[in-house]
Amino acid sequence: MPPYEMSLILKTLQRPELVQALKRTCEAVLTRGGVIRKMENLGHRTLPYRMTAHGKKHADGNYFLVQLDAPTNILPDVKDELQRDLDVIRHTCVRSDYTFPRPCLTGPCTFGELPNPDHERRVWKMKVQKKLHLTKHDERKARNKSS
């Protein structure tokens, strides 16, 4: 069974009704042979925009993240049941078997930048010029006199 990550936005409810709504969503997965690995409450937040679900407009909701393992053939049934649930504003289920490799865990963190070999020479030259109190104008005069 491949791993999935299901995000849920439930409408604003009192704690007992919220627990019942979560039980219904979890039973939709469990009765069809899925396994729930982790459930995370992301809290009560205002929605990024007003959402309409089941004929009602919602401005805020409870966010949940559920990590589960399920056979691929049960997902349409689970999504259909969540779509008909009156307490669910939005739901999304994505496959989560891809792990993002973090670039900074090993070695220096370059973020794909190419090193500039000329940079050190330019910095050294600017430091020397500052010490000698030379400007670009003085440097051009020196070049013109030597030629």
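Before going into details, it helps to say that this report is about the structure given with it. Sequence positions are assigned chain by chain, starting from 1 and proceeding in written order. Residues qualify for local features only when their pLDDT is at least 70, as the model is predicted, and side-chain atom pairs are given and counted only at 80 or more; totals for whole chains, interfaces and linings, by contrast, use all residues. Computation of side-chain values covers all heavy atoms of the structure but excludes hydrogens and water.

By definition, any uninterrupted DSSP run of H or I lasting at least four residues is a helix, any uninterrupted run of E lasting at least two residues is a strand, and each is numbered from the N terminus. Secondary structure summary: the chain contains 4 helices and 4 strands in total. When its helices and strands are written in sequence order, the chain yields β-α-β-β-α-β-α-α. Here the chain holds 147 residues, and the buried ones make up 27% of them. Should any heavy atoms of two residues lie within 4.5 Å, those residues are counted as being in contact. Excluding contacts between residues fewer than 6 apart, the proportion of contacts in the chain whose partners are at least 24 apart in sequence is 71%. Areas reported as accessible are Shrake-Rupley estimates using a 1.4 Å probe. Residue values count occlusion only from the protein chains shown. When the accessible surface of the chain is split by element, carbon and sulfur atoms take 54% of a total near 11,300 Å². Each residue is placed in one exposure class: buried if its accessible area under a 1.4 Å probe, protein chains only, is under 20% of its type's maximum, exposed if it is over 50%, and partly exposed if it falls in between.

The next point concerns the side chain of Asp-85. Tracing the backbone shows Asp-85 in the loop between α2 (75-84) and β4 (88-95). Residues within four places of Asp-85 in sequence aside, it is in contact with Arg-24, Thr-25 and His-54.

Relative to the helices and strands, Asp-87 resides in the loop between α2 and β4. Residue classification places Asp-87 among the buried positions, given a relative accessible area of 13%. Between N or O atoms, a polar contact is any pair within 3.5 Å; within protein, one atom must be a potential hydrogen donor and the other a potential acceptor, and residues adjacent in sequence are included only when both atoms are from side chains. Within the structure, Asp-87 has its side chain in polar contact with the side chain of Arg-24 (distance 2.5 Å). Aside from chain neighbours lying at most four places away, what touches Asp-87 is Ile-9, Leu-10, Lys-11, Leu-13, Ala-21 and Arg-24.

Residues other than glycine seldom take positive phi values, yet His-54 does so here, at roughly 60 degrees. Following the sequence through the fold, His-54 ends up in the loop between β2 (35-53) and β3 (56-69). The partly exposed category is assigned to His-54, whose relative accessible area is 39%.

Pairing is antiparallel across the open sheet formed by 4 strands, whose spatial order is β2-β3-β1-β4. The sheet is open, and its two edges are formed by β2 and β4, each paired on a single side. Strand-to-strand twist in this sheet, taken as the mean axis angle between neighbours without regard to direction, amounts to 20 degrees. Alignment of strand β1 (residues 3-11) against β4, held across 7 bridges, turns out to be antiparallel. In the strand pairing of β4, Ile-9 is matched with Arg-90. Note on geometry: axes are C-alpha line fits, over the in-contact stretch for helices, and angles between N-to-C directions span 0 to 180 degrees. Helix α1 (residues 15-30) rests against β1, β2, β3 and β4 of the sheet, and its axis sits at about 120 degrees to β2. Strands in contact with α2 are β1 and β4; relative to β4, the strand with the most contacts, it is inclined by about 165 degrees. Here, strands pair whenever DSSP counts at least two bridges between them.

Function cannot be inferred from these measures alone, as they are strictly geometric.
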